[in-house]
Amino acid sequence: MKSKVLVVVALLLLGSIFLVGCGGGDKFLGEWVNVNDSSDWAKIIRSGNSYIWEDSDGKYPAVYKDGILRVSVGIGEGYVSFDEKTGHLVASYLGHKEEYKRK
């Protein structure tokens, strides 16, 4: 009986670790506005196991990997990181950086 309880507890722990590990990109979700230009906005939603970055130029597929949201923008890839200190997003594309705060 004790061994069955240990197996159940171990499975619950492994399941919760798996769920926490898969949700790492969820901090990117939501509506964002550029800290320097309020007309520049972004919206990030989950789409299955990936994400979608939407802005005034369109919608782009994105993948969360190694703490970075990688956005496919056609002619290249944009990189979006989450600044834990400020709670802001830092987006880099073709050498240009922008910072976004939650809307």
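The shown structure was predicted, so the numbers you read here are calculated from the model rather than taken from an experiment.

**Q** Can you help me understand the overall build of the protein chain in this one?
**A** Helices and strands together make up the secondary structure of the protein chain, namely one helix and eight strands. Sequence-ordered secondary structure for the protein chain, helices as α and strands as β, is α-β-β-β-β-β-β-β-β. Long-range pairs, those at least 24 residues apart, make up 34% of the contacts in the protein chain with a sequence separation of at least 6. As displayed, the protein chain has an accessible area near 7100 Å², and 60% of this comes from carbon and sulfur atoms.

**Q** It is not clear to me how the sheet that holds strand β5 (residues 68–72) should be interpreted in this structure. Could you clarify?
**A** Remark on secondary structure: sheet strands pair via backbone hydrogen bonds, oriented parallel or antiparallel. Spatially, β1-β2-β3-β4-β5-β6-β7-β8 is the arrangement adopted by the eight strands of the closed barrel, whose pairing is antiparallel. Ignoring strand direction, the axes of neighbouring strands in this sheet form an average angle of 30°.

**Q** Explanation requested: the pairing of strand β4 (residues 58–65) in the structure shown.
**A** Remark: a regular strand shows side chains that alternate across the two faces of the sheet. Sheet analysis places strand β3 (residues 50–55) next to β4, joined by five bridges and oriented antiparallel. Bridge pairing in β4 links aspartate 55 to glycine 58. Connecting the antiparallel pair β3 and β4 is a turn made up of two residues. Linking β4 back to β5 in an antiparallel pair, the connection comprises two residues, with aspartate 66 at a positive phi of about 55°.

**Q** So what exactly am I meant to see when it comes to the confidence of the model for the protein chain here?
**A** Low-pLDDT portions of the prediction should not be read for the details of their coordinates. Put simply, the protein chain has an average pLDDT of 83, and 78% of its residues get 70 or more. When mean pLDDT is compared element by element in the protein chain, strand β1 (residues 30–34) scores highest at 98, while helix α1 (residues 2–22) scores lowest at 38.

**Q** Any chance you could explain the pairing of strand β6 (residues 77–83) here in plain terms?
**A** Of the two faces of β6, only the one carrying Gly78, Val80 and Phe82 is buried; Glu77, Tyr79, Ser81 and Asp83 on the other face are not. One ladder, built from four bridges, connects β5 with β6; its direction is antiparallel. Looking at the pairing, leucine 69 lines up with valine 80 of β6. Connecting β5 to the next strand, β6, in antiparallel fashion are four residues, including glycine 74 with a positive phi near 90°. Of the strand pairs in this sheet, β6 and strand β7 (residues 88–93) are connected by five bridges, and their pairing is antiparallel. The residue of β7 that forms the bridge with serine 81 is valine 90. Two successive antiparallel strands, β6 and β7, enclose a turn made up of four residues, where glycine 87 displays a positive phi of approximately 80°.

**Q** Help me out: how do you make sense of the nonpolar core in this one?
**A** A general trend in soluble globular proteins is that nonpolar side chains are found buried together. If you look at the biggest cluster of nonpolar residues, it comprises 15 residues, and the most contacted ones within it are Ile44, Trp53, Val80 and Leu89. Those elements that place two or more of their residues in this core are β2 (41–47), β3, β4, β5, β6 and β7. For tryptophan 53, the contacting residues outside a window of four places in its chain are Ala42, Lys43, Ile44, Gly58, Lys59, Tyr60, Val71, Val80, Ala91 and Tyr100.

**Q** In this structure, what is going on with the pattern of salt bridges? I would like to understand it.
**A** If charged atoms from side chains of opposite charge come close, those side chains can pair. Tallying each qualifying case throughout the model produces three salt bridges. A salt bridge links glutamate 84 to lysine 27; the shortest N-O distance between them is 3.2 Å. With glutamate 84 in the loop between β6 and β7 and lysine 27 in the loop between α1 and β1, this pair connects stretches of sequence that are 57 residues apart. For glutamate 84, a relative accessible area of 57% corresponds to the exposed category. In this structure, the salt-bridge partner of glutamate 31 is lysine 103, at a minimum N-O distance of 3.8 Å. Here glutamate 31 is found in strand β1, whereas its partner lysine 103 is found in the segment after β8 (96–102), with 72 residues between them in sequence.

Rules behind the numbers
- Residues numbered from 1 in each chain as written.
- Predicted model: local features only at pLDDT ≥ 70, side-chain atom pairs only at ≥ 80, totals over all residues.
- Heavy atoms only, no water.
- Helix = DSSP H or I, 4+ residues; strand = E, 2+ residues; numbered from the N terminus.
- Contact = heavy atoms within 4.5 Å.
- Areas by Shrake-Rupley, 256 points an atom, 1.4 Å probe, with all protein chains shown as cover.
- Pairing = 2+ DSSP bridges.
- Axes fitted to C-alpha atoms, helices over the stretch in contact; angles between N-to-C directions.
- pLDDT = per-residue confidence, 0-100.
- Buried < 20%, exposed > 50% of the residue type's maximum accessible area, 1.4 Å probe, protein only.
- Core = buried A, V, L, I, M, F, W, Y, C linked by side-chain atoms within 4.5 Å.
- Salt bridge = Lys/Arg side-chain N within 4 Å of Asp/Glu carboxyl O.

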